[in-house]
Amino acid sequence: GKFTFVQDGKTIPLPFESTYVVVPRPNSATISAEKMNVVYRGVDNPIAVSFAGIATSDVSASAPGMTGSNGKYILRPTSGTEVIVTASGKLPDGTTAKDSKPFRIKNLPAPTGKIRGEVAAKGSTSNLESVQVSAVLEDFDFPVTVNVTQFTIKVSGEPTIVVNGDRMDVRARAVIKKAKRGDVVLISNIKAKFNGIEQAVKPASACTYEIQ
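What this report covers is the structure whose coordinates are included nearby. (Residues numbered from 1 in each chain as written. Predicted model: local features only at pLDDT ≥ 70, side-chain atom pairs only at ≥ 80, totals over all residues. Heavy atoms only, no water.)

**Examining the side chain of Lys114**
Item 1. By the secondary structure assignment, Lys114 is in strand β11 (residues 112–115).
Item 2. According to the relative accessible area criterion, Lys114 is buried, its value standing at 14%.
Item 3. A polar contact is formed between the side chain of Lys114 and the side chain of Glu138, at a distance of 2.7 Å. (Helix = DSSP H or I, 4+ residues; strand = E, 2+ residues; numbered from the N terminus. Buried < 20%, exposed > 50% of the residue type's maximum accessible area, 1.4 Å probe, protein only. Polar contact = N/O pair within 3.5 Å; in protein donor to acceptor, adjacent residues only side chain to side chain.)

Quick look at the structure:
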């Protein structure tokens, strides 16, 4: 551009050159679950919150069961089927930009029942008598421990035995001794509870053990 002014009756031009950047006012925040597109009840869900063009130190977020700061938060929902995460950021002119997004709350998935750490194990009767029945949340991104509290065992031709705990008791071992080579022992009705999480566990899937 050019400024023009008059000095001592003369017109004097004054050229200048400058640059500037136009930044639109942000009107939405980036709020995302870092591990899933939903949040799970009873566990620590990492949540990242940011506003384009605003430093994380000037951004805050809130939701029931959420803690954290500087763009990194932990959301631990307890009730309901949806939680709203609200974010706000302080703009250079002192005004505030706000946004919010909903997340679905899901219960933890059903565990997979396993015998000796396998869904379909094979071995001797003596091995089956001493192995542990377990329940595992497979392909799940959060560290959750599941403790088996009860299960049933069925040997062909023998009555179904209900066992408390995660290992064979005297009655279960007695029917296992009667199993023959080739028999497939069914472990089902596996009941469990989460360690440190007050939430009902969905029934675990059954598992089998083939006598060899």
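**A few points about the sheet that holds strand β10 (residues 96–106)**
Item 1. The strand order across the open sheet built from four strands is β4-β10-β9-β6, with neighbouring strands paired in mixed fashion. Edge positions in the sheet fall to β4 (39–40) and β6 (59–62), since each of these pairs with one other strand and no more.
Item 2. As paired strands, β4 and β10 are joined by two bridges and run parallel to one another. In the strand pairing of β10, Val39 is matched with Ile105. (Pairing = 2+ DSSP bridges.)

**Some thoughts on unusual backbone geometry**
Item 1. Phi at Asp8 takes a positive value of approximately 55 degrees, unusual for a residue other than glycine.
Item 2. The residue Asp8 is located in the loop between β1 (2–7) and β2 (10–15) in this model.
Item 3. One non-glycine residue, Asn189, adopts positive backbone phi at about 50 degrees.
Item 4. For Asn189, the location among the structural elements is in strand β16 (residues 184–194).

**Overview of the sheet that holds strand β15 (residues 161–164)**
Item 1. Pairing is mixed across the open sheet formed by five strands, whose spatial order is β12-β17-β16-β14-β15. Each edge of the open sheet is held by one strand with a lone partner, namely β12 (120–123) and β15. Taken over all neighbouring pairs, the strand axes of this sheet differ in orientation by 25 degrees on average, direction set aside. (Axes fitted to C-alpha atoms, helices over the stretch in contact; angles between N-to-C directions.)

**Topic: the environment of Phe103**
Item 1. Among the structural elements, Phe103 can be located in strand β10.
Item 2. Given a relative accessible area of 7%, Phe103 falls into the buried group.
Item 3. On a C-alpha basis, the gap between Phe103 and Met168 in space is 42 Å, while along the polypeptide they are 65 residues apart.

**Here's the deal with the packing of aromatic side chains**
Item 1. Applying the stated criterion across every chain yields a total of three aromatic pairs.
Item 2. For the pair Phe140 and Phe142, a centre-to-centre distance of 5.3 Å together with 50 degrees between the ring planes defines the contact as tilted. Note on accessibility: Phe140 and Phe142 belong to one class, buried.
Item 3. Through successive ring pairs, a cluster of aromatic residues spans Tyr40, Phe140 and Phe142. (Phe/Tyr/Trp six-rings, centres within 6.5 Å; stacked < 30°, edge-to-face > 60°.)

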